[in-house]
2 protein chains.
Amino acid sequence: SRDLCIDQAVVFIEDAMQYRSISHRMDAGSMRLYRCYYSNACQRILNFTIFCILALAFIETPCSLTKTADVRYRSLHWEPPCGLTEGVEGLCLLVFMADVSVKGFLVGRAQFQRNVWLLAYIVVLAVSLVDWTVSLCLLCQERLRIRRLLRPFFLLQNSSMMKKTLKCIRWSLPEMASVGLLLVVHLCLFTIFGTLLFTVGEEDEHEKKERLTYFQNLLDAFTSLLVLLTTANNPDVMIPVYSENRAYAIFFIVFTLIGSLFLMNLLTAIIYNQFRGYLMKSLQTSLFRRRLGTRAAYEVLWLPRAVLTGGFPSHRVGVMPQDFLQVLEKAQLSSSQKQAIMEKVRSLDGVLLSADEFQKIFSEVDRGVVREHPPRPCYQSPLLQSAQFLFGHHYFDYLGNCITLANLVSICVFLVLDEDVAPSDRDNFVLGVLNCVFIMYYLLELLLKAFALGPWGYLSYPENLFDGLVTLALLVLEILTLAVYGFPYRGWYPEMRGLLSLWDMMRLVNILIVFRFLRIIPNMKLMAVVARTILGLVQNLRAFGGILVVVYYVFAILGINLFQGVIVAPGNDSLAHDNGSAPCGSFEQLEYWANNFDDFAVSPVDVAPVPHRWSLVYFVLWWLVSSVIWVNLFLALLLENFLYRWDPRSHERHLSGMQLTAELIFRDILEEPKEEELMHRLRNHPHVRLCR
Amino acid sequence: SRDLCIDQAVVFIEDAMQYRSISHRMDAGSMRLYRCYYSNACQRILNFTIFCILALAFIETPCSLTKTADVRYRSLHWEPPCGLTEGVEGLCLLVFMADVSVKGFLVGRAQFQRNVWLLAYIVVLAVSLVDWTVSLCLLCQERLRIRRLLRPFFLLQNSSMMKKTLKCIRWSLPEMASVGLLLVVHLCLFTIFGTLLFTVGEEDEHEKKERLTYFQNLLDAFTSLLVLLTTANNPDVMIPVYSENRAYAIFFIVFTLIGSLFLMNLLTAIIYNQFRGYLMKSLQTSLFRRRLGTRAAYEVLWLPRAVLTGGFPSHRVGVMPQDFLQVLEKAQLSSSQKQAIMEKVRSLDGVLLSADEFQKIFSEVDRGVVREHPPRPCYQSPLLQSAQFLFGHHYFDYLGNCITLANLVSICVFLVLDEDVAPSDRDNFVLGVLNCVFIMYYLLELLLKAFALGPWGYLSYPENLFDGLVTLALLVLEILTLAVYGFPYRGWYPEMRGLLSLWDMMRLVNILIVFRFLRIIPNMKLMAVVARTILGLVQNLRAFGGILVVVYYVFAILGINLFQGVIVAPGNDSLAHDNGSAPCGSFEQLEYWANNFDDFAVSPVDVAPVPHRWSLVYFVLWWLVSSVIWVNLFLALLLENFLYRWDPRSHERHLSGMQLTAELIFRDILEEPKEEELMHRLRNHPHVRLCR
């Protein structure tokens, strides 16, 4: 019983630190399963499986592993033998079945039946399995694979952030639908207006008729205006009627003002309004989960002590520090957190911990660890000391930035000078020598800084890490170049030896030098703020990226099913565009051959001119989902974060130079959960009876 | 002295009701001038003068009064005789001189020297006058007219809302400049990357070279990426390199993610952040001005009473109601406000008013007047009464809406049926009869409603007013049609008689019927909310529209000066595009002939293909100012308004159905100015000594 309590406390504390729910089975066997399930290895296997099943789309027929997507130049698709991808998929599905069984067992039957996501998980798995079996029975000759459309679900159900974001989108759906209705009414009215206004009167000539092609009938007019709303065909729609009479411009101005400016921004306002509280609410939930977990750990630790020390007339009740230490020893926390907490506990000298003190120890962890750099090495010689001062000073960084800038300018100068010379005739002598010199300097800078700060001190700055890695890559490239092509000499023309030509080597070096220029980011104040905000948003951005992946996945699979093979490479008879006979703006003239749907890695960027009747609907849907909803969600996330960052109240912390994650930023305004709430939830725990 | 005080109180109360500053001269002569200056007539003259001087640009050389702007079809510009527009302009400048003198005199010398807008006004006037004189001396042959660029200033300086919005933009300029710097760095780095990545290697053929045209040299690459940021050439830039190797898409995806998604939205966040407090602050200032004005009126009314009733041992001090009534009598307020206040004062029975009571009476006015409809007429006969119930019921409105919808559908059906028939061969018999019947019903509906609600009751609903006017216009059109073309018969083909052909008459009728369909707006909940919000924003929207006019004006004048005559109509030798020899995407192929800068009513929509080296810079600047800054400002205004409207706290008032203006919405959260603040400002009034 004593060991069970310790184990329960360990699980509770791990739950608290990972912001997990504590409503799962708590007997010894289940806990072992639980800890195993949430161990790094298991979670990595699960994530890798999800990655695998999603990545399968690149390899499956139609396979995406060709260099170009252009139907004119593309080699034949490689066809994976039947059973290869299906085999991998079968393994993945097995893992998912294990996953759902474990999850279902751990939460218990009652909770399972109430959990919509888990139920949907089972349904999706069942459908996938049936579809998979059908696939195998038909020897992979089936036309439609439903399970490909269902795959993104596995990604969705595994991320609580993505589930929350989806919930937020679902809440705003009714209002978005209203605005959508407004947009449709707006479009319909303007379509009728447009068709009535821009029809050809009886006395008009043939020429004019051609120019009013965008408004010839209701369907054409609707299409034109719908695309105008996405601004993709602006100003092409307007020009023909505008050149007829300039007053007609008013029609398009009013349409754009109401549609793009007012209704679209209304959509932004709706999404932002729903999203405003969302981040805060999510952080509040996380805080509640942490407090609940620690409180639960306190309760299970407290109870047996009361029994064991029952005979003592102790005037304080609480948790024995040695129990706590034992729990911490067993719990899987990050080493820095563990050390910080253990030091705190040891400093208490064996006094019993009350619930408040217990919570406070964990609050310390949230404060954010201010990262300390290792001390600089101490040199004896005064010469070395002054050298250390010199090269450890931040003016030395500025000098390095200036040199990098000079290198960048030199590359640009040669790009401009040689722009008219064919690459094979370019004399790379001067640029080669310059790059050599600059790379030597970068190496010297690296060594001097490492000398001044000590090797570990040097590596403790992320910008130095970046700098050093790029410099090393540059050095390796330069040595390879010199080894293969010898030292630069006048007339060092590009030629081909070994894997890469001198020309490619030089380009790679130049690209790396430009890339190395990014080390200036921390030196520019605003850039640093922006970069730090992005880093602080990483957790949220992952959810957003995941949703984009899901949307893209579904649209790409739909695109393959709808439009595969629609775009046929021009044969010899249709090399028409060379003669200029393909009408301007058509698919052939624009040479959108690469923009097809023949494999998964498609680009649903602008399929409007694709010669298929459903392409426009597909295009507008993709625009609505990816551009309107997703971009607005992202804007809402940015607004929420930056507005708080710029709030004068948060300014003091901002200046203190601490690394602010989203949690820390909002910590001041989060509400601490109340004691009664916590105890109420603990008393209603479905699997453990915690009573005092 | 007694009369002077009454007059001063009148002016103060007028200032308070119009939210004007009270820091102006207060002697009897100045006050007469002041009231005259702010009288409706004078203000209308001033506004008309501003409109005139701005509208001059349409008439001046190059004159915009042609039907089409297309250089191929345009008739010769009409040249106004020298001295005509200059004469009108001279008159306008005279009015402005009078305006600035009066304003300067009224605020007094000390204030005048501190007022940047007034000083700038004088400078602009002086420059305009000099330029005008030069113009006359050179007999209108001068090339450059600086004064045309300065004209929007007259619009700016006359609107306090626009000045405030400008101030808000000025505050966010430093942060916008930082983001602009980030954008430039982003663009430059990606330009170098792109040029290095997408150059043609030694072994590439001629064909490939042509396809990499967007990244041939640094300047081309920079231009391509800059336009890509505005998304105007998406996906054309990407396709050539994407069809080379699909991995190159990553370059464009990263560029768009950082540039369009992150940095552009950062700009939105910055502008919204500055704007958030702006609306509130501006309303707070208005409230302060109102309270200050009424308090000043109280102070001047209070003082002489204390002197006159000095002998009385009165235990209350304050303002005599009869003085107050006298002031109200003289003040120019809206009649409903005046009546409401006077009734309040009369109900006080001659008791002296304290400062608080005095303020409270005016607060009543702010509450917003709930508009009452006149009572329905009472009919004696039970038949008439039940008819009144029937036609006054809102189901009758719904029936009307359904009939309108049916009419709309019938028009659409005929548009679809006749889409392949030339207009001169269309038989308008059925549609003509249907429209006749529908218009008869509309007339009947109008009469029945007027009967049920009474004529004034009918007109008191704005939707009925709209409905009635459109119905009358329809009736007139229909009668004219019938009079000219007779009753519809089989084979009622369009023919030309009188001013408009039957075809045009029918189109006009149809357009009016579609327009009449807008009466459904108040019946759709969301539409009504949106429409009401727009109406509530009118004050702010005027300022925003004004700023857009200013920006457009400056850009149009700049465009004329830079690009006038650059686009030359194609001669007979260059009817090239008919043969398809004009390259696709060029100005000639796109037939952007109407999109030129030969007169003021130009459209700086998409001048990228204009064959002039500065056109791209101009296009990007116009995009930045009009699309990025202005649209973001507008978005901020919308967000600010809708977010408060959707706030649950404001929900109760929302439901009460009152017409909520921006002031009323925010009234609850505005702070009442403090007594000491008001008295401090009054004591420091530059022209009146108010002492107690």
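Residues numbered from 1 in each chain as written. Chains lettered and ligands numbered in written order. Predicted model: local features only at pLDDT ≥ 70, side-chain atom pairs only at ≥ 80, totals over all residues. Heavy atoms only, no water.

Looking up chain A in an unreviewed UniProt entry gives the name Two pore channel protein 2, with the organism given as Spermophilus dauricus. Under the heading Sequence similarities (unreviewed entry), UniProt records this for chain A: "Belongs to the calcium channel alpha-1 subunit (TC 1.A.1.11) family. Two pore calcium channel subfamily." (UniProt positions renumbered as here; feature names shortened; annotations may be inferred.)

**Here's the deal with helix α6 (residues 116-137) of chain A**
All names here are of chain A. Helix length check: α6, at 22 residues, gives a terminal C-alpha distance of 32 Å against a target of 32 Å (1.5 Å per residue), a fit within 8%. If you check which residues of α6 are buried, you get Leu118, Tyr121, Val124, Leu125, Ser128, Asp131 and Ser135. Take α6 and look down its axis: the buried residues cluster within an arc of 150 degrees, on one side only. Exposed and facing more than 90 degrees away from the buried side of α6 are Val116, Val123, Val130 and Cys137. Summarising the contacts, the buried residues of α6 are in contact with α4 (84-107), α5 (109-114), α7 (146-150) and α8 (152-157). Capping of α6 at its N-terminal end is provided by asparagine 115; its side-chain oxygen lies 3.1 Å from the backbone amide nitrogen of tryptophan 117. Leucine 139 occupies a position one or two residues after α6 and carries a positive phi of about 55 degrees. (Helix = DSSP H or I, 4+ residues; strand = E, 2+ residues; numbered from the N terminus. Expected span 1.5 Å × (residues − 1). Buried < 20%, exposed > 50% of the residue type's maximum accessible area, 1.4 Å probe, protein only. Arc of directions from axis to C-beta. Contact = heavy atoms within 4.5 Å. Polar contact = N/O pair within 3.5 Å; in protein donor to acceptor, adjacent residues only side chain to side chain.)

**Focus: the relation of the copies chain B and chain A**
The operation relating chain B to chain A is a screw motion whose rotation component is 180 degrees, with 0.0 Å of axial translation and a residual RMSD of 0.1 Å. The transformation just described matches what one would write down for a two-fold rotation axis. Every residue of chain B has its C-alpha some distance from the rotation axis, and the shortest such distance is that of Cys584(B), at 2.8 Å. Comparing interface residues between copies, 100% of those in chain B also lie at the interface in chain A; the contact surface is shared. (Least-squares fit on C-alpha atoms with pLDDT ≥ 70 in both.)

**Digging into the interface of chain B and chain A**
Of the residues lining the interface, 91 residues belong to chain B; the matching set on chain A comes to 92 residues. When the two sides are added together, the surface that chain B and chain A hide from each other amounts to roughly 8600 Å², 72% of it contributed by carbon and sulfur. Here chain B and chain A share zero salt bridges between them. Summed over the shared surface of chain B and chain A, the number is six residue pairs in polar contact (both at pLDDT 80 or more). Of all the elements, helix α9 (residues 160-197) of chain B adds the most residues to the side of chain B that touches chain A, at 12 residues. (Buried area = accessible area lost by both parts, 1.4 Å probe. Salt bridge = Lys/Arg side-chain N within 4 Å of Asp/Glu carboxyl O.)

**Description of the state of the cysteines**
Residue and element names in this part refer to chain A. Under the defined criterion, the tally for this structure stands at two disulfides over all chains. Through a disulfide, cysteine 82 is tied to cysteine 140; the S-S separation comes to 1.9 Å. The sign of the S-S torsion, about 70 degrees, decides the handedness of the disulfide formed by cysteine 82 and cysteine 140: right-handed. Residue cysteine 82 is located in the loop between α3 (40-59) and α4, and its partner cysteine 140 is located in the loop between α6 and α7; the two are separated by 58 residues in the primary sequence. For cysteine 140, a relative accessible area of 16% puts it in the buried group. (Disulfide = S-S within 2.5 Å.)

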